[in-house]
Amino acid sequence: MTARIPTVCPYCAVGCGFYITRNGMEYMQDHPVNEGALCPKGNAALDVLNHVDRLRYPMMRIGDDWIRVSWSEALDRVAEEMQRALREKGPGALAFLGSAKCTNEENYIFQKIARLMGTNSIDNSARRCHSPTIIALRRMLGTPAMTNPVSDLALSDCIFIIGSNLAENHPVVARWILRAKDRGAAVIVADPRVTPTAWLADLHLQLNPGTDIALINGMINVILNEGLENSSFIKERTSGFEGLDLSDYTPERVSSITGLRAGDIVRAARLYAKAGASSIVYCMGITQHSCGTENVTACANLALVCGHVGRPGAGILPLRGQNNVQGACDMGALADFYPGWRSVDDSRAIDELRRLWNARALPLGRGLTADMMPEADLRFLYVMGEDIVNSHPAVSRRRERLKRGFMVVQDIFMTDTARIADLVLPAAAWAEKEGTFTSTERRVQWVSRAREAPGEARPDLWILSEVAARLGFDLSPEPEEVLAEINQAVPAYRGISRSNAGARGGIIWPCPHPDHPGTPVLHTERFSTPDGRARISPVHHPALERTSPQHPLILITGRVVLHYNAGSMSMRSEGLVKREPEIRIDVHPEDAARFGVADGDAVMIETRWGRARARAKLTPRQKRGTLFMPFHFPETNLVASEIIDEKSMMPELKVAACRIWRAD
Amino acid sequence: MKEILVRPERCVGCRSCEIACAVEHSQSRDLLKALSEMPQRRLYVEHVPEYSLAVPMLCRHCEDAPCVAVCPTGALTQDALTGVVRHNRDICIGCWTCASVCTYGVIGRDRRARVAIKCDRCPDREVPACVSACPTRALIYGEVEEVSRARRAAPALKFAQGVAASSR
Amino acid sequence: MGKIYLDPERCIGCRSCEVACEREHGHPRISVDKVKDLAAVPVYCHQCDTAPCAAVCYTGSLRLDGDMVVFDPDLCTLCGLCFVACPFGAIELDSVIHRCDLCGGTPVCVMTCPTEALQLEDIDAITGSTRSRAAGVLAARVRV
């Protein structure tokens with residue numbers, strides 16, 4: 001193998017590039033997103049590859065023991081159990097969980113198998129990251145993705161960050177925000193906590209948890225009252241503006257809902273509306289609510305009213321979580337969408353795929369989403385690279401119900417999900433296989449094989465094609481051949497090939513033909529809705545869970561810089577774990593005094609969903625009346641809320657009334 | 001408290017202040033000999049081409065001085081009475097923490113002694129050398145209160161004249 | 001060669017510099033201190049121009065070479081004087097001395113810093129650009 005092989009970071013969705021060398025890693029200073037920089041997780045990425053915990057052989061459960069089996073025995077068993085479930089209970093008894101950590105090719109083939117088997121019960125972790133973005137932005141703008149690339153932020157004159165602690169979760173994005181600040185841009189951060197992102201703010205709006213819609217509507221109200229809207233943009237490029245009556249959202253009323261000063265709401269509105277090019281950056285503080293879809297809608301309304309979309313430096317930037325969450329959704333690993341964002345209810349669009357796949361019929365209508373799976377009568381569950389048990393509170397509490405029939409888990413580590421399976425298949429990690437990943441900014445990058453997989457671990461694509469062959473489907477195990485099929489199935493990927501995705505920085509979709517340079521900024525001329533216009537639609541402040549005498553505090557969940565999601569990767573990196581070894585609850589010192597808690601105390605926390613134990617950390621960054629728990633640790637799932645956003649099936653993970661006491 | 005105040009609109013960029021500063025801080029205190037001593041700069045006349053202006057930049061002796069706050073050895077101290085930020089060359093280790101936090105970029109580097117060098121506001125003089133040398137009075141030395149009182153006089157007069165004219 | 005400088009307003013406390021340094025050298029030589037969770041500051045070797053660590057080193061194991069402090073492990077007796085002399089606590093001592101060697105000219109902490117808070121620069125270049133920026137702000141006020 002050559003001395004250094006370019007790769008893309010396997011952690012978050014920023015899509016940073018670096019090189020893997022024989023002994024370690026090197027920085028890639030000419031990468032368009034990170035310019036060589038990496039966050040701590042990126043620096044620790046290689047720890048995952050040769051970890052002692054890696055799964056090396058296919059293993060079958062016999063009672064409470066695991067025995068090593070051969071690949072052919074394992075693969076035969078998968079196909080056999082799948083067919084048996086289909087025969088006995090029909091396609092409704094099958095479910096599939098794809099992975100935002102696997103390549104586009106793997107997710108494409110995975111959902112294809114599910115659909116050829118007759119079910120739309122295929123989902124991936126985008127469900128609890130940006131499913132509201134998918135629903136809202138697809139309806140309003142036509143394309144459910146970031147409108148501008150990350151580096152475009154440097155061109156913004158005002159950056160409004162709401163519900164995103166990007167300094168901890170996407171640190172490299174902060175680089176571009178600071179570049180904008182160097183040019184004199186104003187940065188507004190709306191977050192209940194004084195996060196490191198808030199350190200960058202010129203105006204920090206420390207709003208009450210869950211009052212985002214009120215804040216944004218209040219800003220729009222100020223903009224309309226002061227005549228700061230972009231009338232020509234509204235007239236020429238949008239529809240639905242007439243229905244936007246937000247006269248109730250006066251700064252004074254919004255002030256009483258959000259807990260912000262009315263003057264600050266006015267100031268934020270003016271800064272955002274008057275700037276030449278403004279961007280909205282949001283993340284799970286917007287989406288992980290039972291009103292997640294409405295929250296995203298409110299953000300898009302604000303951008304559309306001011307015409308801050310479709311130009312360099314002006315856009316809506318939902319920062320996505322996993323390295324291929326955008327791609328997994330583009331590939332249709334979702335219960336409500338086929339590849340290329342074809343709705344499961346749109347029979348004409350699906351018919352194109354039916355012809356492409358030579359299938360007799362394809363299923364219609366939404367399948368089971370991840371959190372519905374424990375409640376369904378499943379006989380066969382296939383999980384590819386996803387620790388659903390630790391990443392979903394509803395599943396975490398009912399993990400035994402998830403496994404009613406046969407369960408296969410294909411992963412790189414023995415996760416808690418794998419532990420309850422019947423059959424565990426060892427998969428190759430990102431640097432041990434080939435294929436494309438699509439980053440948050442729609443950047444499709446080809447990843448080359450840099451290391452050998454341990455033991456008998458195999459690329460997911462090989463495993464899937466072997467399973468498919470046993471089911472009677474002829475699906476290629478070669479990433480390049482699958483990408484060629486994706487060219488036909490997903491319009492935005494039509495011109496993407498190994499050569500343009502493999503160049504430095506890859507290519508940004510839509511890429512309609514092989515010579516196309518990619519499309520960094522969307523919606524420059526028209527929106528991708530059927531009539532070319534963006535849809536403005538009013539949304540209103542919802543009733544969220546409130547505090548009560550029994551539960552006087554609000555629990556917020558989120559992430560910390562040194563860990564990643566359910567922790568199956570970051571918890572195996574010594575350099576990360578020793579810096580953030582255990583779960584902590586952030587408590588404001590005044591709340592701590594009120595409830596008799598001291599710094600470092602073991603405390604119990606209770607919501608109406610459950611109880612958990614953790615260590616208290618007193619910090620003035622926490623807003624009074626709120627607590628914070630990082631969700632990298634299983635304890636957080638014990639107390640997280642299960643209220644659901646019906647439109648996107650997103651659980652309410654940011655607001656739960658709770659109480660805290662010292663555990664003695 | 002007396003300060004050196006800068007009026008860039010009067011500065012013609014002649015660098016007399018820089019030369020006077022160098023002479024004052026030379027061993028010989030003589031213009032010709034001072035140049036052979038290769039003086040180190042404590043004052044910098046910066047040209048700003050986009051506004052066709054020159055701005056003399058020198059230590060502001062900030063009341064809440066970041067350089068004093070970060071100095072790990074105590075080489076930088078602030079006189080409680082005069083507010084002058086003093087630099088003790090004997091304790092300075094040349095770590096440049098002060099230079100990296102100075103908002104005006106006016107802490108320099110003494111290449112021979114390998115320590116920091118900055119304006120000491122000419123302790124031996126009544127009026128700092130740069131101020132005395134400035135031919136256009138772009139640099140002035142005075143009480144901040146007095147200077148702003150003098151500044152208020154002109155707009156007050158204009159205002160009074162305007163009111164008088166309109167009520168006539 | 002330049003030295004490492006910090007723009008504290010850019011630091012987001014992500015500790016990437018620490019993790020990168022540890023990966024490169026086995027033991028981190030830079031550490032990020034969070035101040036009341038409201039600011040973060042990486043603490044590291046400044047390669048001081050007068051080098052107190054080298055000044056107290058009686059074996060000549062640490063010595064000033066040009067603008068940098070160099071270290072010869074063969075001469076080191078682990079006496080710990082340098083550790084005491086360093087005002088930044090940037091030298092750590094166990095069975096060996098852990099101190100910054102600027103990674104031979106391309107420090108990983110600088111390269112990996114997501115926000116460009118750490119820079120490898122000549123101090124005169126840093127103060128020079130700060131000065132001209134400050135002068136520009138002042139000039140803009142005068143001319144408006």
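Conventions and cut-offs
Residues numbered from 1 in each chain as written. Chains lettered and ligands numbered in written order. Predicted model: local features only at pLDDT ≥ 70, side-chain atom pairs only at ≥ 80, totals over all residues. Heavy atoms only, no water. Helix = DSSP H or I, 4+ residues; strand = E, 2+ residues; numbered from the N terminus. Buried < 20%, exposed > 50% of the residue type's maximum accessible area, 1.4 Å probe, protein only. Polar contact = N/O pair within 3.5 Å; in protein donor to acceptor, adjacent residues only side chain to side chain. Contact = heavy atoms within 4.5 Å. Patch = residues over 30% accessible without salt bridge, like charges linked within 9 Å, V, L, I, M, F, W, Y side chains within 5 Å. Areas by Shrake-Rupley, 256 points an atom, 1.4 Å probe, with all protein chains shown as cover. Salt bridge = Lys/Arg side-chain N within 4 Å of Asp/Glu carboxyl O. pLDDT = per-residue confidence, 0-100. Pairing = 2+ DSSP bridges. Buried area = accessible area lost by both parts, 1.4 Å probe. Axes fitted to C-alpha atoms, helices over the stretch in contact; angles between N-to-C directions. Domains from an automatic or database assignment. Nonpolar A, V, L, I, M, F, W, Y, C, P; charged D, E, K, R; others polar.

## So, the side chain of Arg121(B)
Residue and element names in this part refer to chain B.
Next up, step 1: Inspection of the secondary structure assignment puts Arg121 in the loop between strand S7 (115-117) and helix H5 (129-133).
Next up, step 2: Judged by its relative accessible area of 7%, Arg121 falls in the buried class.
Next up, step 3: Polar side-chain contacts of Arg121 include one of 2.8 Å to the backbone oxygen of Lys2.
Next up, step 4: A distance of 2.7 Å separates the side chain of Arg121 from the side chain of Glu3, its partner in a polar contact.
Next up, step 5: Residues within four places of Arg121 in sequence aside, it is in contact with Lys2, Glu3, Ile4, Arg60, His61, Thr82, Val84, Pro128 and Tyr141.

## Structural notes on a nonpolar patch on the surface
All names here are of chain B.
Next up, step 1: A contiguous nonpolar surface patch, about 420 Å² in accessible area, is contributed by Ile19, Leu31, Leu32 and Leu35.
Next up, step 2: Broken down by element, the residue count for the nonpolar patch peaks at three residues, all from helix H2 (residues 31-36).
Next up, step 3: Relative to the helices and strands, Leu35 resides in helix H2.

## A look at the confidence of the model for chain C
Next up, step 1: For chain C, mean pLDDT is 91; residues scoring 70 or higher make up 98% of the total.
Next up, step 2: Among the scores for the predicted complex, ipTM is 0.92 and pTM is 0.93.

## A look at the pairing of strand S5 (residues 68-71) of chain C
All names here are of chain C.
Next up, step 1: Relative to S5, strand S4 (residues 62-65) runs antiparallel, the two sharing four bridges. Following the sheet pairing, Arg63 is matched in S5 by Val70.
Next up, step 2: Hairpin connection between S4 and S5: a loop of two residues separates the two successive antiparallel strands, and Gly66 in this loop has a positive phi of roughly 65 degrees.

## A short note on the interface of chain C and chain A
Next up, step 1: Taken together, the 27 residues of chain C in the interface contact 32 residues of chain A.
Next up, step 2: Counting the surface lost from both chain C and chain A, the interface buries some 2,400 Å², and carbon and sulfur atoms represent 53% of this.
Next up, step 3: Our count for the chain C to chain A interface comes out at seven salt bridges.
Next up, step 4: Linking chain C with chain A are 16 residue pairs in polar contact (both at pLDDT 80 or more), by the criterion used here.
Next up, step 5: For the side of chain C that touches chain A, the elements supplying multiple residues, two or more each, are helix H1 (16-25), strand S3 (39-43) and helix H4 (108-112) of chain C.

## Remarks on the sheet that holds strand S4 (residues 59-62) of chain A
Residues and elements named next belong to chain A.
Next up, step 1: Strand order across the open sheet formed by seven strands is S5-S4-S18-S17-S16-S6-S7, with mixed pairing between neighbours. Edge strands, defined here as strands with exactly one partner in the open sheet, are strand S5 (65-68) and strand S7 (122-123).
Next up, step 2: Contacts from helix H2 (residues 71-89) reach S4, strand S6 (94-97), strand S16 (380-384), strand S17 (406-411) and strand S18 (423-426) within the one sheet, and its direction differs from that of S18 by about 130 degrees.

## Brief notes about the domain arrangement of chain A
All names here are of chain A.
Next up, step 1: Domains assigned within chain A are domain 1 (4-48), domain 2 (59-126 + 323-508), domain 3 (147-318) and domain 4 (553-662).
Next up, step 2: Domain 2 puts four residues into the contact, and the matching count from domain 3 is six residues.
Next up, step 3: Together, Thr440, Glu441 and Arg442 form the three largest contributors to the area buried by domain 2 at its contact with domain 3, with a combined 88%.
Next up, step 4: Where domain 2 touches domain 3, the interface holds zero salt bridges.
Next up, step 5: The interface formed by domain 2 and domain 3 contains three residue pairs in polar contact (both at pLDDT 80 or more).
Next up, step 6: Residue classes in the side of domain 2 that touches domain 3 are distributed as one nonpolar, one polar and two charged.

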